[in-house]
Amino acid sequence: MGVKKILLACSSGMSTSLLVTKMQQYVKSIGDEAEIWAVGQDQAKAEMAKADVVLIGPQMSFLKSELQKEADKYDVKVDVIDMVAYGMADGKKVYEQALRLMGENQ
Amino acid sequence: MNEANIDVLTNEQIGFQLILHSGNARSKVLEALRQSRQGDEARAAALLKEAEEDLNRAHHIHFQMIQREASDEKIEFSLILMHAEDHLMSTLTMKELVKELIEWGKQRL
């Protein structure tokens, strides 16, 4: 796998933008390479074709099955960000969750 | 999930905790409306109750913040905290409206 592409989505793309920064800091610290970006809920479907995995905030977990249906077209997994990791703004844990999901896809 | 004690959290984490609990509530409120629309009123009621428990967790954090401010301890303001407040307030509004919508839907049957 080349550069890992991780899409984060939440209702306005704001809290996940901060999480992106945290994840990028962690990725850099371990010498990994990943493209991580955040969008709001309305853009999630349009952006997911470019991603290897999609992680969504708790405020849009009710949209998970709808988003997964769309993501199936690109063979991409969608999951809700782990609650503990989200609540602590833990970039390392969220990145590891993304890696696990991508692993399941290979 | 345990009730968070804000003393062990950074300001940023306090914001994320508020968004987490309001966000869980938001998802459950909207899911409740969907369930009601599909005729499962029991599931809808259970989801609304769960949403209220999530909102209580958010209120518990909020309460500690207000207490902290009342004891003249400055709370550092940030965009993420303002955003968290928006989340909490909009979810409260959403919950009240969805409750009414569900009742309205029942009357129309």
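Predicted, not measured: the structure shown is a model, and the values here were computed from it.

A. View of the overall build of chain A. A tally of helices and strands in chain A yields five helices and four strands. Overall, chain A shows an N-to-C arrangement of helices and strands of β-α-β-α-β-α-β-α-α. The C-alpha radius of gyration of chain A comes to 12 Å, within 12% of the 13 Å expected for a compact globule of 106 residues. The dimensions of chain A, computed from C-alpha atoms along their principal axes, are 35 × 30 × 20 Å. Scored against the burial criterion, the 106 residues of chain A give a buried share of 47%. Considering only intrachain contacts with a sequence separation of at least 6, the fraction spanning at least 24 residues in chain A is 66%. A total of about 4,900 Å² of accessible surface is found on chain A, and carbon and sulfur atoms cover 48% of it.

B. Just the sheet that holds strand β3 (residues 53-56) of chain A, in detail. All names here are of chain A. In space, the four strands of this open sheet follow the order β2-β1-β3-β4, with parallel pairing throughout. Pairing within the sheet leaves two strands with one partner each, and these edge strands are β2 (34-40) and β4 (77-80). Averaged over all pairs of adjacent strands, the angle between their axes in this sheet comes to 20 degrees, without regard to strand direction. Contacts from helix α1 (residues 15-29) reach β1 (4-10) and β2 within the one sheet, and its direction differs from that of β2 by about 175 degrees.

The rules behind these values
Residues numbered from 1 in each chain as written. Chains lettered and ligands numbered in written order. Predicted model: local features only at pLDDT ≥ 70, side-chain atom pairs only at ≥ 80, totals over all residues. Heavy atoms only, no water. Helix = DSSP H or I, 4+ residues; strand = E, 2+ residues; numbered from the N terminus. Rg over C-alpha atoms; globule rule 2.2 N^0.38 Å. Buried < 20%, exposed > 50% of the residue type's maximum accessible area, 1.4 Å probe, protein only. Contact = heavy atoms within 4.5 Å. Areas by Shrake-Rupley, 256 points an atom, 1.4 Å probe, with all protein chains shown as cover. Pairing = 2+ DSSP bridges. Axes fitted to C-alpha atoms, helices over the stretch in contact; angles between N-to-C directions.

Treat this as a map of the structure, not an account of what it does.
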